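# Examination of the molecular architecture
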Amino acid sequence: HYTASTRQAHSKHILLQLNSLQYTVFQIAKEFTLPVVCVSVFFLCLSLYLSGLSLYLSGLSLYLSGLSLYLSGLSLYPSGLSLYPSGLSLYPPGLSLYPPGLSLYPPGLSLYPPGLSLYPPGLSLYPPGLSLYPPGLSLYLSGLSLYLSGSLPCPSVSDPQWYAARQSIRLDPKGKSLKDEDVLQHLPVGTTATFYFRDLGAQISWVTVFLTEYGGPLLLYLMFYFRAPFIYAPKYDFTTSKHWVVHLACMCHSFHYLKRLLETLFVHRFSHGTMPLRNIFKNCTYYWGFAAWMAYYINHPLYTPPTIYGEQQVRIALIIFLFCQVGNFSIHIALRNLRPPGSKTRKIPYPTKNPFTWIFLLVSCPNYTYELGSWFGFTLMTQCLPVAFFTAVGFIQMTVWAKGKHRSYLKEFRDYPPLRSPILPFVL
Amino acid sequence: MASMEEDGSVEEKDNNNKKRTKSAIAVAWLTFYNIAMTAGWLVLAMAMMRFYLQKATHKGLYKSIARTLKFFQTVALVEVGHCAIGIVRTSVIVTGVQVCSRIFMVWFITNSIKQIQNEESVILFLVVWTLTEITRYSFYTFNLLNHLPYFIKWARYNMFIIMYPLGVAGELLTIYAALPFVRKTGMLSMRLPNKYNISFDYYYFLIIVMLSYIPLFPQLFFHMLRQRRKVLLGEIIVEKDE
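Reading guide: rules and limits
Residues numbered from 1 in each chain as written. Chains lettered and ligands numbered in written order. Predicted model: local features only at pLDDT ≥ 70, side-chain atom pairs only at ≥ 80, totals over all residues. Heavy atoms only, no water. Helix = DSSP H or I, 4+ residues; strand = E, 2+ residues; numbered from the N terminus. Buried < 20%, exposed > 50% of the residue type's maximum accessible area, 1.4 Å probe, protein only. Contact = heavy atoms within 4.5 Å. Core = buried A, V, L, I, M, F, W, Y, C linked by side-chain atoms within 4.5 Å. Pairing = 2+ DSSP bridges. Axes fitted to C-alpha atoms, helices over the stretch in contact; angles between N-to-C directions. Left-handed = near helix turned anticlockwise from the far one by under 90°. Nonpolar A, V, L, I, M, F, W, Y, C, P; charged D, E, K, R; others polar. Polar contact = N/O pair within 3.5 Å; in protein donor to acceptor, adjacent residues only side chain to side chain. UniProt positions renumbered as here; feature names shortened; annotations may be inferred.

## Focus on the overall build of chain A
Broken down by element type, chain A carries ten helices and six strands. When burial is assessed residue by residue, chain A has 46% of its 428 residues classed as buried. Taking as baseline every contact in chain A between residues at least 6 positions apart, the subset at least 24 positions apart corresponds to 76%.

## Details of unusual backbone geometry
Cis geometry marks the peptide bond from Leu192(B) to Pro193(B); its omega dihedral reads -10°. With a phi close to 75°, Phe230(A) is a non-glycine residue in the positive phi region. Among the secondary structure elements, Phe230(A) is positioned in the loop between helix H5 (206-225) and helix H6 (244-266). Of the residues examined, Phe230(A) reaches a relative accessible area of 12% and is grouped as buried. The backbone of Ala56(B) shows a phi angle near 60°, a positive value even though the residue is not glycine. Given a relative accessible area of 58%, Ala56(B) falls into the exposed group.

## Notes on the side chain of Glu371(A)
For Glu371(A), the position within the fold is in helix H9 (residues 366-382). Residue Glu371(A) is classed as buried on the basis of its relative accessible area, which comes to 4%.

## A short note on the nonpolar core
Counting 53 residues, the largest nonpolar core has Ile204(A), Tyr221(A), Tyr257(A), Ile298(A), Phe378(A) and Met381(A) as the members making the most contacts within it. Only helix H2 (34-52), H5, H6, helix H7 (278-298), helix H8 (310-338), H9 and helix H10 (385-412) of chain A provide two or more residues apiece to this core. No other element matches H5(A), which puts twelve residues into this core. Sequence-distant contacts of Ile298(A), that is, excluding residues within four places in its chain, are made with Tyr221(A), Val246(A), Ala249(A), Tyr303(A), Phe378(A), Thr382(A), Cys384(A) and Val387(A). Residues Met48(B), Phe104(B), Tyr140(B) and Leu179(B) belong to the second largest nonpolar core, which totals 45 residues.

## Brief notes about the pairing of strand E3 (residues 167-170) of chain A
Residues and elements named next belong to chain A. Residues Gln167 and Ile169 line one face of E3 and the alternating positions Ser168 and Arg170 line the opposite face, and both faces are buried. In this sheet, strand E4 (residues 192-199) lies alongside E3 in antiparallel orientation, the contact comprising four bridges. Residue pairing in the sheet places Gln167 in a bridge with Asp199 of E4.

## Concerning the packing of helix H2 (residues 61-75) of chain B against helix H4 (residues 92-110) of chain B
Residues and elements named next belong to chain B. One can describe the packing of H2 onto H4 by two numbers: an axis separation of 10 Å at closest approach and a directional angle of 145°. Crossing angle aside, the handedness with which H2 passes H4 is left-handed. Of the residues in H4, those touching H2 at Tyr62, Leu69, Lys70, Gln73 and Thr74 are Arg102, Ile103, Val106, Trp107 and Thr110. Residue classes in the contact of H2 with H4 are distributed as five nonpolar, three polar and two charged.

## Examining the side chain of Ser168(A)
All names here are of chain A. Along the chain, the position of Ser168 falls in strand E3. A distance of 2.9 Å separates the side chain of Ser168 from the side chain of Arg170, its partner in a polar contact. Of the polar contacts made by the side chain of Ser168, one reaches the side chain of Ser177; its length is 3.1 Å. Excluding anything up to four places from it in sequence, Ser168 contacts Ser177, Tyr196, Phe197, Arg198 and Leu200.

## Section: the UniProt feature "transmembrane region" (unreviewed entry) in chain B
Residue and element names in this part refer to chain B. Under the local residue numbering, the UniProt record ascribes the feature "transmembrane region" (unreviewed entry) to residues 26-53, 92-110, 122-145, 157-182 and 202-222. Annotated as 100% helix and 0% strand, the span residues 26-53 places its first and last C-alpha atoms 40 Å apart. From the first C-alpha to the last, residues 202-222 spans 30 Å; its make-up is 100% helix and 0% strand.

Dropping the structure here:
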């Protein structure tokens, strides 16, 4: 409990005068507001989806003619599982999108009441000629995100405008933000404390962002793999490639993003709860755009499998890819185990019994190293220039992050092992 | 992958002589460079005017000044180097984007697609560029010499209001006129199948370039407007900080 004696709000700074009592900074702020976050994410997914459609500019048939393909109960999988039974809900409960037995979301959870047809015949949501994706996919994605963001803990009370995640409270207007777990008595304040408030802008939770940005590539790639209509020439619709590399690449790519999704849900411990809202646009554009670009060429009917070393190249690439996937996962587990649940202590990561973590001897951020290795393997496997571009851009970004992390490690810990490089052993 | 917190915003400073610690060599080189560029664009302006007065038509004008234009516009790449080294306090990316868009227009549109060289829109953007560059380089020159006449400052921060939209219009019309020829010849394009598994269609690339003007042009224009308010009208603009 505290008394707020004066509160004066102007555009940039709010001075709160408090009596210093044993009170954590976090308790001063209010809770998350779920409705704002959910609604904005919903419209975000919808607008991202709609904006992604304008990639194709010619040769598009009308949406209405494509609709009949879905309503005719076409079966996409060898197992006879039909994605679009005529007139019925698009995602009946327990629908398995992957090889039988693996379902994306808990069985029994139906996002759409059965029997509800989302696109009654004749209803076209998109300007004619611009339809790319199976109908309902956008609603599915936004429904999924609603579901997932609903799984975050938050109250439902009518929201003050500046919820906790949006507030930056600091002792000095130009200084660093105070942490949630800071205690007033341990701060350099006297009998009265003056805090400065800064609005960080609309925030979105890290988990939501990660799930959206990783879910997109997963689904997009599969759409290209199964050659959904309006992507390639009509005679190739729903055909499969004759090259086994293409099947392998699809499995690797899907496995990678599925792994990332599961890690986001179960492995990662995030130190920050939220990030600025505009990051989701930026990140999703990057991931979804590159995924679509890569998938287009790999699953193209005129795709050329690796020619330089043929099958051997693909085998070696697969080994590299799998090795780095396991390595990446091991590092994530090791980093998770560094920090007991709920605490925010920071420690130097060290090699554990797992051989994949022994790279900690040489590198500060081996998760990035293994990530780079995975994508390098994928590039070799597919011999596709867009994949090489994606690997290169990712490498540059991860190097920047790794250097920053390395620098902050050096600043924070006196006894940091000197042999370590940020991302590439001895080199970078 | 964990990503870092927000990166800081980059501010563009138009006064490139604010750095008092700049070495004498840097100042000398920059002065020489700016004088040379002013002279070059003046030469271009004279050549264009002379051609038009003599021939009374704009057909063939581009061809007569093509070499000079290509030379002076390409040399502008050096400015990116200035920003990278730090003797000019502007962001490398902003300068890079501006110079690259000019180089793209000169080398990949008007130089490669001969059929559009006699279009009126070419003359439009050539005139705009010439006027803008002469003003800009003379502004920098006088700034470096610390004797800036007010009318140059006035011209630099006011003329863009008309020049910028006109220049964009000229460029867009030129690209639009070039589209049919690109489609017909299939230039600079690569089709599947090939062993790199990539394809590139210059025609659609040009369309995307044209569309990209829509978000980019307002940003640059309003940036110049903000600079104008700061420099010419002395307003203090509090930058939105994160």
